[in-house]
Amino acid sequence: TNLTTLRLSENQIKVLPRDIARLKSLQELTISGNLLTELPPALAAMPSLTHLGIDGNVGLGKSLPPGMLTKPLAEVKGFLHRLHCAGKTLNLSHLDLRHVAPNAFYDLAHLQELHLSSNKLDSLPHVVSTLHALKLLDVRWNQFIALPEFLLNMTTIQNLEIGGNPLDSIPSEIHAHEQTPFKETLRYMKMIRNSRRAFKVDLQDFGFSKLPSQVLAMV
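All figures in this text were calculated on a predicted structure; none of them were measured in a lab.

Procedures and definitions
- Numbers given for residues are sequential positions, taken from 1 along each chain in its written order.
- Note on the predicted model: pLDDT of at least 70 is required for a residue's local features to be given, and 80 or more for side-chain atom pairs to be given and counted; whole-chain, interface and lining totals, by contrast, use all residues.
- Water and hydrogen atoms play no part in the side-chain values, which are based on all heavy atoms of the structure.
- Each helix is a run of DSSP H or I of at least 4 residues and each strand a run of E of at least 2, with the numbering of both proceeding from the N terminus.
- Residue burial is assigned from relative accessible area. The probe radius is 1.4 Å, only protein chains are included, and a residue is buried under 20% of its type maximum, exposed over 50%, and partly exposed in between.
- The term salt bridge refers to a pairing of a side-chain nitrogen on Lys or Arg with a carboxyl oxygen on Asp or Glu at a separation within 4 Å.
- The span you would expect from a helix comes to 1.5 Å times its residue count less one.
- Directions pointing from the helix axis toward each C-beta atom define the arc.
- Between any two strands, pairing holds if DSSP finds at least two bridges.
- As a rule, the C-alpha atoms of each element are fitted with a line to give its axis, helices using only the stretch in contact, and angles between N-to-C directions run from 0 to 180 degrees.
- Confidence scores per residue from the predictor, reported as pLDDT, run from 0 to 100.
- To qualify as a nonpolar core, a set must consist of buried Ala, Val, Leu, Ile, Met, Phe, Trp, Tyr and Cys residues joined through side-chain atoms within 4.5 Å.
- By definition in these notes, contact holds between two residues if any of their heavy atoms fall within 4.5 Å.

## With respect to the overall build of the protein
The secondary structure content of the protein amounts to four helices and seven strands. Secondary structure elements of the protein, listed N to C terminal, follow the sequence β-β-β-α-β-β-β-β-α-α-α. Taken along the three principal axes of its C-alpha coordinates, the protein extends 65 × 30 × 30 Å. Across the 219 residues in the protein, those meeting the buried criterion constitute 44%.

What follows is the structure, given as structure tokens:
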């Protein structure tokens, strides 16, 4: 198509389709004052786009690095380029992210490494559980208090980096001292989950020097 200008301001649009990248001649996209919460990474593949108007979408800031809404278009496209061009590795570290949009993982079925360290995340979208080829998940230096239980079902993970988080759902003795922290961490999470279901606690052979406070929290 030869469309060069698309203005959709002051509507109720919640999602931009990924197919918008087919508008290769588009120079201006103005979609201010809508209900967007995320931008499709495919915008990074629109070579002619020189103006992107996205102000007034209140929820959009949650899926972008802080201040990104006021940055030049080149920086916005640069961030989206990380998502769009991810193959086996996606690196979103050191971006002060408070939220990772689910659309970041579209078309990433073969992703093997996900780096999210040094952000301000306290949760992961459930779509991460569908990354069946994932081997490394790095969430160090974030704000996780607890880890998502869907990690227990991700059998391909070989390396889980969780240091530097204020985890209060996992005893520090586990993830601070073991040689392969993620294995014992996931074993502990599985034991706690099973204990809740069976109304009994079986935490043998963890090397605890004191009763974990998490056990008392289950009462």
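## Quick word on the pattern of salt bridges
Throughout the structure, instances matching the rule amount to three salt bridges. Notably, a salt bridge pairs Glu 28 with Arg 7, separated by 2.8 Å at the nearest N-O pair. Within this pair, whereas Glu 28 is found in strand β2 (residues 28-30), its partner Arg 7 is found in strand β1 (residues 5-7), the two being separated by 21 residues in sequence. A relative accessible area of 61% places Arg 7 in the exposed class. Where Glu 75 meets Lys 71, a salt bridge forms, and the shortest distance between an N and an O atom there is 3.7 Å. On the basis of relative accessibility, which here comes to 37%, the residue Lys 71 falls in the partly exposed class.

## Digging into helix α1 (residues 73-84)
Between its first and last C-alpha, α1 extends 16 Å over twelve residues, near the 16 Å set by a 1.5 Å rise per residue. Of all the residues in α1, the buried ones are Leu 73, Val 76, Lys 77, Phe 79, Leu 80 and Leu 83. Taken around the axis of α1, the buried residues stretch over an arc of 160 degrees, which confines them to a single face.

## Considerations on the sheet that holds β2
Hydrogen bonds between backbone atoms are what pair the strands of a sheet, whose relative direction is either parallel or antiparallel. Across the sheet, which stays open at both edges, the three strands sit in the order β1-β2-β3 with parallel pairing between neighbours. Of all the strands in the sheet, just β1 and β3 (51-53) have a single pairing partner and so form its edges. Ignoring which end each strand starts from, the neighbouring axes of this sheet average 5 degrees apart. Note: β1 against β2, three bridges, orientation parallel. Residue Thr 5 lies in a different strand from β2, and its bridge partner there is Glu 28.

## Here's the deal with the confidence of the model for the protein
Per-residue pLDDT for the protein averages 86, and the proportion of residues at 70 or more is 95%. Least confident of the elements in the protein is helix α2 (residues 172-177), whose mean pLDDT is 67; most confident is β2, at 96.

## Notes on the nonpolar core
In this structure, Leu 39, Phe 79, Leu 90, Phe 105, Leu 114, Leu 151 and Leu 160 are the most contacted members of the largest nonpolar core, which totals 63 residues. Sorting the residues of this core by element identifies α1 and α3 (181-198) as the ones contributing at least two each. Each residue touching Phe 105, except ones within four places of it in the same chain, is listed here: Leu 90, Val 100, Leu 114, Pro 125, Val 127, Val 128 and Leu 131.

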